[in-house]
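# A structural walkthrough
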Amino acid sequence: MPETLTGRDDEARAEQVYQLVLEGIVAGRYEQGVRLRERELSELYNVSRIPVREAIQRLEQDGFVETFPRRGAVVRQLTLTDVNELFDVRLCLETFAARMAAVRVAAGEPGGRLQELLDDTRQAIDDDRTDDVVRLSAAFHAEMVRLSGNRLLIESVKPLFGRMRWIFGLAHNRSNELQRDEHMELCNAILGGKADLAYTLAYSHIELGREPVLKGLAETLEP
């Protein structure tokens, strides 16, 4: 691959590297505290260092990476405070998204994708595909936000869903069947255009997940 790339190529490759490294962090291939060396990533993904550097900068902005003098970029060490703050922010943003999604569906916005993701999750649970269950759960929440129609909200929460997958991959601690049932109730409220119910169910679903996740991570994460 040539070292001289157009700006557009650099941008596209930086996005690809970002997604690949993010998936590696979420899946645990790049563990917390591990250094991310530009040269190694450049060779691994067969790109120049320019898109690698841009991807690492974006990962730092989104809270997955930290940089230190003489040490460079490392995968961030999560804390229990990070987890708590994620749940707090989700309570603010996703409940609003659930309400607005229901309002928009009631006004005629198609919501079939939400049901499709719920059906896919059900099949993944039946097939015991745990990684897919986590991925589909995050996709369900992302689709709910998309249905809100608020473009600023949609862009703002994208890094949150990466963190959700990262954290839930480290500690889930809730029955997949229970999560599925809560998603089903939330989906039905949104597709039924019941805005207040959707808000309440979203709040309950998020808050009920907090304690089990914190409990599961209490022995491995610092406060």
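This structure is a prediction, so every number in the text was calculated from the model and none was measured.

### Considerations on the nonpolar core
A general feature of soluble globular proteins is that nonpolar side chains tend to end up buried together. Ranked by internal contacts, the top residues of the largest apolar core, which has 42 residues, are Val21 and Leu36. With eight residues, helix α7 (residues 151-170) is the single largest residue contributor to this core. Those residues in contact with leucine 36 that lie beyond four places of it in its chain are Val21, Tyr30, Leu41, Ile56, Val65, Ala73, Val74 and Val75.

### Some details on the UniProt feature "domain: HTH gntR-type" (unreviewed entry) in the protein chain
The UniProt record marks residues 11-78 with the feature "domain: HTH gntR-type" (unreviewed entry), using the residue numbering of this structure. Taken end to end, residues 11-78 comprises 56% helix and 12% strand; its first and last C-alpha atoms sit 28 Å apart.

### Examining the environment of leucine 152
Within the secondary structure, leucine 152 sits in helix α7. Expressed as a C-alpha distance, the spacing of leucine 152 and tyrosine 45, which sit 107 residues apart in the sequence, is 31 Å.

### Observations concerning the side chain of histidine 141
Looking at the element boundaries, histidine 141 is found in helix α6 (residues 130-147). The class for histidine 141 is buried, based on a relative accessible area of 2%. Beyond its immediate stretch of four places on either side in the chain, histidine 141 contacts Arg90, Glu94, Phe161, Met164, His183 and His205.

### Structural notes on the packing of α6 against helix α8 (residues 176-191)
The geometry of α6 relative to α8 is characterised by a closest axis approach of 12 Å and an angle of 15° between their N-to-C directions. Here α8 runs roughly parallel to α6, going by the angle between their axes. Seen along the crossing, α6 lies across α8 with a hand that is left-handed. Across the interface between the two elements, Val133, Ser137, Phe140, His141, Met144 and Leu147 of α6 pack against Asn176, His183, Leu186, Cys187 and Ile190 of α8. Looking at side-chain class alone, the contact of α6 with α8 contains seven nonpolar, four polar and no charged residues.

### Description of unusual backbone geometry
Phi at arginine 70 is positive, roughly 70°, even though this residue is not glycine. Along the chain, arginine 70 turns up in the loop between β1 (65-68) and β2 (72-75).

### Focus: the environment of leucine 78
Mapped onto the elements of the fold, leucine 78 is located in the loop between β2 and α4 (80-106). The class of leucine 78 is buried, set by a relative accessible area of 4%. Taking the C-alpha atoms as reference points, leucine 78 and arginine 49, separated by 29 residues in sequence, lie 27 Å from one another. Here leucine 78 is in contact with Gln32, Trp166, Ile167, Leu170, Leu221 and Glu222, once residues within four sequence places are set aside.

### Here we look at the packing of helix α5 (residues 112-126) against α8
At a closest axis distance of 10 Å, the pairing of α5 and α8 adopts a crossing angle of 165°. Between α5 and α8, the angle falls in the class roughly antiparallel. Here α5 and α8 pass one another in a crossing that is left-handed. Judged by residue contacts, Leu114, Gln115, Leu118, Arg122 and Ile125 of α5 engage Asn176, Glu177, Arg180, His183, Met184, Cys187, Ile190 and Leu191 from α8.

### Re the pattern of salt bridges
Taken as a whole and assessed by the stated rule, the structure comprises 18 salt bridges. In this structure, aspartate 196 and arginine 99 form a salt bridge, with 2.6 Å as the shortest nitrogen-oxygen distance. With aspartate 196 in helix α9 (residues 195-217) and arginine 99 in helix α4, this residue pair connects regions lying 97 residues apart in the sequence. In this structure aspartate 196 comes out as exposed when scored by relative accessible area, which is 55%. Two residues, lysine 158 and glutamate 155, come together in a salt bridge whose shortest N-O distance is 3.1 Å. Here lysine 158 and its partner glutamate 155 are both found in helix α7, three residues apart, which amounts to about one turn of the helix. The structure contains a network of salt bridges with shared partners spanning Asp127, Arg129, Asp132 and Arg135.

What counts, and where the lines are drawn
- Residues numbered from 1 in each chain as written.
- Predicted model: local features only at pLDDT ≥ 70, side-chain atom pairs only at ≥ 80, totals over all residues.
- Heavy atoms only, no water.
- Core = buried A, V, L, I, M, F, W, Y, C linked by side-chain atoms within 4.5 Å.
- Buried < 20%, exposed > 50% of the residue type's maximum accessible area, 1.4 Å probe, protein only.
- Helix = DSSP H or I, 4+ residues; strand = E, 2+ residues; numbered from the N terminus.
- Contact = heavy atoms within 4.5 Å.
- UniProt positions renumbered as here; feature names shortened; annotations may be inferred.
- Axes fitted to C-alpha atoms, helices over the stretch in contact; angles between N-to-C directions.
- Parallel < 35°, antiparallel > 145°, perpendicular 65-115°, else oblique.
- Left-handed = near helix turned anticlockwise from the far one by under 90°.
- Nonpolar A, V, L, I, M, F, W, Y, C, P; charged D, E, K, R; others polar.
- Salt bridge = Lys/Arg side-chain N within 4 Å of Asp/Glu carboxyl O.

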